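So you can see what is in the structure, the chains are spelled out below.
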Amino acid sequence: MNNQKTIKTSLLCLAAAVAMAAVMFFVPSALPEKRNEADTFRTETALSRTAEIICGDNIATAFIYKSRDDGAVVVTCWHTVQGHADTAQFRFYGKEEFVECTALIGYDPGYDIAIYLVPCDEQFDEMSVRDDTTTGEEVFLLGNSDGDGIALFSGKVSVPDDIVLCRDDTLASHLDNKNLPSLRVTAPINSGSSGAPVFDSHGRLAGMGFYQFFGSAERPVYDMNYAVPAAIIKSVVDVCEIQSGRVQRSDVTLRNYVASDDEMVTRRIYEVQFDGLWQDTVFRKSGGSIYAHRSDGVFKVASLAGKKIDTIAQLLAAAIDYEYRGGKLVLE
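Anyway, here's the lowdown on the structure attached to this text. These numbers were taken from a predicted model, which means no experiment stands behind them.

The rules we used
- Residues numbered from 1 in each chain as written.
- Predicted model: local features only at pLDDT ≥ 70, side-chain atom pairs only at ≥ 80, totals over all residues.
- Heavy atoms only, no water.
- 1 Å grid on protein atoms, 1.4 Å probe; cavity = no way out; pocket = protein on both sides within 12 Å on 5 of 7 lines; lining within 4 Å.
- Points joined across faces, edges and corners; volume = space filled by probe spheres on them.
- Nonpolar A, V, L, I, M, F, W, Y, C, P; charged D, E, K, R; others polar.
- Pairing = 2+ DSSP bridges.
- Helix = DSSP H or I, 4+ residues; strand = E, 2+ residues; numbered from the N terminus.

### Description of empty space enclosed by the protein
Applying the stated criterion across every chain, the model contains one cavity of 30 Å³ or more. In terms of lining residues, the largest cavity is bounded by Tyr111, Arg249, Ser250, Val252, Phe274, Leu277, Leu316, Ala319, Ile320 and Glu323. Residues belonging to the lining of the largest cavity are distributed by class as follows: seven nonpolar, one polar and two charged.

### Some words on the pairing of strand β16 (residues 266-274)
As paired elements, strand β15 (residues 252-260) and β16 share nine bridges and run antiparallel to each other. The partner of Ala259 across the bridge, within β16, is Arg267. Judged from the three bridges that link them, β16 and strand β17 (residues 281-286) form a sheet pairing that is antiparallel. Residue pairing across strands places Val272 opposite Phe283, the latter belonging to β17. Hairpin connection from β16 to β17: six residues lie between these consecutive antiparallel strands, with Trp278 at a positive phi of about 50 degrees.

### A look at the pairing of strand β18 (residues 289-294)
As defined by bridge partners, β17 adjoins β18 across six bridges and the pair is classed as antiparallel. Paired with Val282 across the bridge in β18 is His293. Hairpin connection from β17 to β18: two residues lie between these consecutive antiparallel strands, with Gly287 at a positive phi of about 60 degrees. Summarising the sheet, β18 and strand β19 (residues 297-304) pair through four bridges and their orientation is antiparallel.

Here's what the structure looks like:
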């Protein structure tokens, strides 16, 4: 009797396994194939927005921020075109020839941004901008590494809202020994990839590559790559639509250092101070918020120029909007 039960149980299990295998075989073929629209945008549309640059002896990368009736608004790094800005030539992805720029629309050396008008037959909507990335999320960079043409590099966000002290004598530019706001990523920003667009997994612009830190021969470091935050790029482009040429704004002093409190607990301090705005005020990032430290107390920054402020990049971008469009600094 027990043997019969065992055989019966085994047959039932076998029948169930066969039925399950049949379901797994037929159901996927019956369902429509899912298409990852984010991947399609990233690989196809994002590539078509990217360009190689030749400017003097420099090679670099650029990207189309949006189209206008008279051409494409193209963004790159100021340090790659500095000194030969009017001679920059662009070759869009998939094209054979370089084309000369129509005009240098505007630039902001302090944030390493240059904006060009370049002839382009294709039309592109204004980029969707991401200014709230999180540590660990995936990003994709399209760069002209070593002048070898546009290629895709992937990585992750290391620090979503950082301040980096640039140290690289080989740049021979204004960047050396200066603090800049940044998005830190592990995607490589090699020589030739300055100006490379950095996208999130949905194809939104997260930043523009401008600097890679190698450490020293004795103590090399890896995967420390920095991008200009997209929120700042958007504000600079918007200002250049109003006023061409160099962006005239208040100088900003940025600091990133380790400090200790009375209990000797070290912590990272991020500070921003505007030379021409909000005198006697130092803005500090703490616990995911920005606080205004003034002589009359410490206040959380709720909004600036109508924008909610949680990061250093958002603060700097909103300060540009404040100077050109007005608004209020709201403290809590």
